[in-house]
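Close look at the chain arrangement
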Amino acid sequence: MKKYTLLALFASFSLTMHAQTAEEYYQNAMSYKQKDNYTETWRQLSKALQADPQNAVYKAEMAITQYVRKTFFEAIPLYEEMLAKEPTNLTYLARLAEMYSMSPKKLKGVEYAEQAMKLKPTDGQINKMLARTFMEVKHFPKAIKLYQVAENALPNDMDIPFKIATCYAQLSNYGDAMKYYEKAIVLDPENPTKLFEAANSCYDANYYKRANELYQLSEDKGYYKSKVFYDNWALTFIEMKDYDKAIEYYIKAKEYAPYDKEINLSIAETYMKKGDFNKSRDVLDEMLELNPNDAHVIYTKGMTFYKAGNTSKAESFFNKAFELDPSLKSLRYTKNNF
């Protein structure tokens, strides 16, 4: 009786061991996929493929999963295997283009993108992937055209106008960049990064008042505070000749980098612009305590005397600066017309 029971238990255990078939692993994977748990999806698909290595459906799902997980070194060969069987599949071409463009083999991405474009895709997501490919390789004009095609198909996509704006900014076309940044923040008004980049573009396009409004909004929405953030914001006030406000924001920038040379020079130069030469020198003297032989700081201190009309005192500082750094002599004739 005991022997029979043991055999029955062994048989039951064996059935349990073999209960998880490839198809069952696959179904488990699809269940995790519906929950956006792609890590577990990948684990279950790996088991399914191990049990049935040639199953094309499992491979396709593994390719999708690794693409979503950005595990491109595993996704790429799977997509290339599938593309060999379906050479005009736009999704395969676009994803391969996008993945390669983010790898060291960027030109391979361009090759796949060109293949896809010959098929004249109209799908918004396909064009968005192709646009990203050209953006990654810094071919911004082609990226813009493809993003605009994608935008026509996906008018409510929150990402596309921001990407178009970024491409225009890279081309120094700040006017068009600003227009698309404005579109981006209409679609995604709570996004502080988009607000900050829109502010930068407005500044570059000489729309200083709007830039100031957008910097304020980005701060209100929680943009990461930093030296760069307040330094950029201060520049809008410089352009509007509101030097008190500029100093206020440079001082905020200084809180994040108290001994930063450029920020301190900006504060000193702004005091100079408003004619407060003593305060400018106070800032410069603090800097010279840290490095008494900083030629740029010494030269700037000379400028405080030059601007105040004390040319003989200015000359002594200029000469000392030129001895330390002869390249500063060019500023006599170009920057400050001394």
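The model shown is predicted, which means the values in this text are computed figures rather than measured ones. (Residues numbered from 1 in each chain as written. Predicted model: local features only at pLDDT ≥ 70, side-chain atom pairs only at ≥ 80, totals over all residues. Heavy atoms only, no water.)

1. A word on the packing of aromatic side chains
Centre-to-centre distance and the angle between the planes together describe a pair of aromatic rings. This is how the line gets drawn: In this scheme Phe, Tyr and Trp rings, the latter by its six-membered ring, pair at centre separations within 6.5 Å, and the angle between planes marks the pair as stacked below 30 degrees, edge-to-face above 60, and tilted otherwise. The secondary structure listing takes helices from DSSP runs of H or I that are at least 4 residues long and strands from runs of E that are at least 2 residues long, numbered from the N terminus. Here's how the labels work: a residue is buried when its accessible area is under 20% of the maximum for its type, exposed when over 50%, partly exposed in between, all with a 1.4 Å probe on protein chains only. Whether a charge sits over a ring comes down to the Lys NZ or Arg CZ being within 6 Å of the ring centre and within 35 degrees of the ring normal.
As enumerated under the stated definition, the model contains 26 aromatic pairs in all. Where Tyr 67 meets Tyr 79, the ring centres are 6.4 Å apart and the plane angle is 80°; that geometry is what we call edge-to-face. Of the two residues, Tyr 67 sits in helix H4 (residues 56-68) while Tyr 79 sits in helix H5 (residues 72-85), which places them 12 residues apart along the sequence. Tyr 67 sits in the buried class, given a relative accessible area of 15%. Members of the aromatic cluster, joined through ring pairs, are Phe 196, Tyr 215, Tyr 223, Phe 229, Tyr 230, Trp 233, Phe 237, Tyr 249 and Tyr 256. Across from the ring centre of Phe 305, 3.9 Å away, lies the NZ or CZ of Arg 281, which sits over that ring.

2. Digging into the confidence of the model for the protein
The condition that has to hold: pLDDT: the predictor's confidence for each residue, scored from 0 to 100. For this analysis, residues touch if any pair of their heavy atoms sits within 4.5 Å.
Overall, the prediction assigns the protein a mean pLDDT of 91, with 92% of residues at 70 or greater. Across residues 6-18, where pLDDT falls below 50, the model places zero contacts with residues more than four positions away in sequence or in other chains. Predicted confidence is poor over residues 333-338, with pLDDT under 50, and the contacts of this stretch with residues over four places away or in other chains come to 12 contacts.

3. As for the side chain of Ser 103
Which entries qualify depends on this criterion: What qualifies as a polar contact is a pair of N or O atoms within 3.5 Å, subject to a donor-acceptor requirement within protein and to the restriction that residues adjacent in sequence count only when both atoms come from side chains.
Position of Ser 103 relative to the elements: it lies in the loop between helix H6 (90-101) and helix H7 (106-118). In terms of polar contacts, Ser 103 uses its side chain to reach the backbone carbonyl oxygen of Tyr 100, at 2.7 Å.

4. Examining unusual backbone geometry
Excluding glycine, residues mostly have negative phi values, and the peptide bonds linking residues are mostly trans. Positive phi outside glycine occurs at Lys 70, with the angle close to 60°. Here Lys 70 shows up in the loop between H4 and H5. With a relative accessible area of 58%, Lys 70 lands in the exposed category. One non-glycine residue, Lys 120, adopts positive backbone phi at about 50°. Considering the arrangement of structural elements, one finds Lys 120 in the loop between H7 and helix H8 (124-136). Of the residues examined, Lys 120 reaches a relative accessible area of 67% and is grouped as exposed.

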